[in-house]
Structures are given as structure tokens and as C-alpha cells.
Amino acid sequence: MMLASVAIPALMVMLSMTLPARVNRATNLAVASLYIPCSVFNAVGESWDWAPFYGLSIGIEVLLLAFILRSAWTWPRTPAVAAGPATTGLRQ
């Protein structure tokens, strides 16, 4: 379980850089939606001695996941514009 909780965010970084935009958007929406309840569930059953740690760490994690959800949901759906003659010279 611990390996999965660390491997999923690591894989998402790699997948976000390699997947096409449409698949990346859907993957981010699905994984973030499923990962938020898992993050909150990690605090269930823990002692109150660790409450500040879990409150801070899970709070930051949920805020970041909410930002990912919002960004993926509101990402513009315009197609990419092909490079024209004005930008071709810059690459050479």
C-alpha cells in the first residue's frame, strides 16, 4: 500500500509529460478524484498525538489535488496551432 501511495504521484508526473493533452486531462481528473478520498482515509484511526502532522500534510496534499482537478477541468480545449513561417526561422 505504501509503495502505491508513493508510486501513483511519481507516475502522474511522468505521464503528464508524455501523454497527449486529451488523455492527460482525463487521467488527471480520474486519478485526482480517486486520490483525494485515499489521502483523507490515511488519517482515519491515527492517534491525536499526530493530528497536527496529518492535518498539515493531508491538508496540503488535498489542496494540491484540488488545484490539479480545477486546472484539468478548466484547461482550454482549443487545438494546437501549427507553426507558421514566422516561427520556423527561430528554430533554425
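Quick notes on the rules
Residues numbered from 1 in each chain as written. Predicted model: local features only at pLDDT ≥ 70, side-chain atom pairs only at ≥ 80, totals over all residues. Heavy atoms only, no water. Helix = DSSP H or I, 4+ residues; strand = E, 2+ residues; numbered from the N terminus. Buried < 20%, exposed > 50% of the residue type's maximum accessible area, 1.4 Å probe, protein only. Contact = heavy atoms within 4.5 Å. Areas by Shrake-Rupley, 256 points an atom, 1.4 Å probe, with all protein chains shown as cover. Expected span 1.5 Å × (residues − 1). Axes fitted to C-alpha atoms, helices over the stretch in contact; angles between N-to-C directions. Parallel < 35°, antiparallel > 145°, perpendicular 65-115°, else oblique. Left-handed = near helix turned anticlockwise from the far one by under 90°. Nonpolar A, V, L, I, M, F, W, Y, C, P; charged D, E, K, R; others polar. Phe/Tyr/Trp six-rings, centres within 6.5 Å; stacked < 30°, edge-to-face > 60°. Polar contact = N/O pair within 3.5 Å; in protein donor to acceptor, adjacent residues only side chain to side chain.

Looking now at the overall build of the chain. Along the chain, the regular secondary structure elements total four helices and zero strands. Secondary structure of the chain in N-to-C order comes out as α-α-α-α. The buried share among the 92 residues of the chain stands at 14%. A separation of at least 24 residues holds for 55% of the contacts in the chain among residues at least 6 apart in sequence. For the chain, the accessible area works out to roughly 7600 Å², and carbon and sulfur atoms hold 74% of it.

Turning to helix α2 (residues 21-41), a few remarks are in order. With 21 residues, α2 extends 30 Å between its outermost C-alpha atoms, agreeing within 8% with the 30 Å of an ideal straight helix rising 1.5 Å per residue. Within the sequence span of α2, burial applies to N24, R25, T27, N28, L29, A32, Y35, I36 and S39. Buried positions along α2 lie against α1 (2-18) and α3 (51-74).

In contact at an axis separation of 9 Å, α2 and α3 are set at 155 degrees when each is read in the N-to-C sense. If you check the angle between α2 and α3, you find them roughly antiparallel. Relative to α3, the crossing made by α2 is left-handed. Between α2 and α3, the contacting residues are R25, N28, L29, A32, S33, Y35, I36, S39 and V40 on the first element and I58, E61, V62, L65, A66, I68, L69, A72 and W73 on the second. Its residues assigned to classes, the contact of α2 with α3 comprises 13 nonpolar, three polar and two charged.

Looking at the secondary structure, you find S71 in helix α3. On the basis of relative accessible area, S71 is assigned to the partly exposed category, the value being 21%. Residues S71 and R25 lie 46 residues apart in sequence; the distance between their C-alpha atoms is 8.9 Å.

Within this structure, the stated rule accounts for two aromatic pairs. Ring centres of F53 and Y54 lie 5.2 Å apart, and the angle between their planes is 70 degrees; this geometry places the pair in the edge-to-face category. By relative accessible area, F53 is classed as partly exposed at 47%. Judged by relative accessible area, which is 22%, Y54 ranks as partly exposed.

The subject of this paragraph is α3. The terminal C-alpha atoms of α3, which comprises 24 residues, lie 33 Å apart, in line with the 34 Å expected from a rise of 1.5 Å per residue. Inspection of α3 places I58, L65 and A72 among the buried residues, and these make up the whole buried set.

Moving on, we come to the side chain of T27. When you line up the elements, T27 lands in helix α2. Of the polar contacts made by the side chain of T27, one reaches the backbone oxygen of V23; its length is 2.7 Å. Excluding residues that lie within four positions of it along the chain, T27 makes contacts with M12 and L19.

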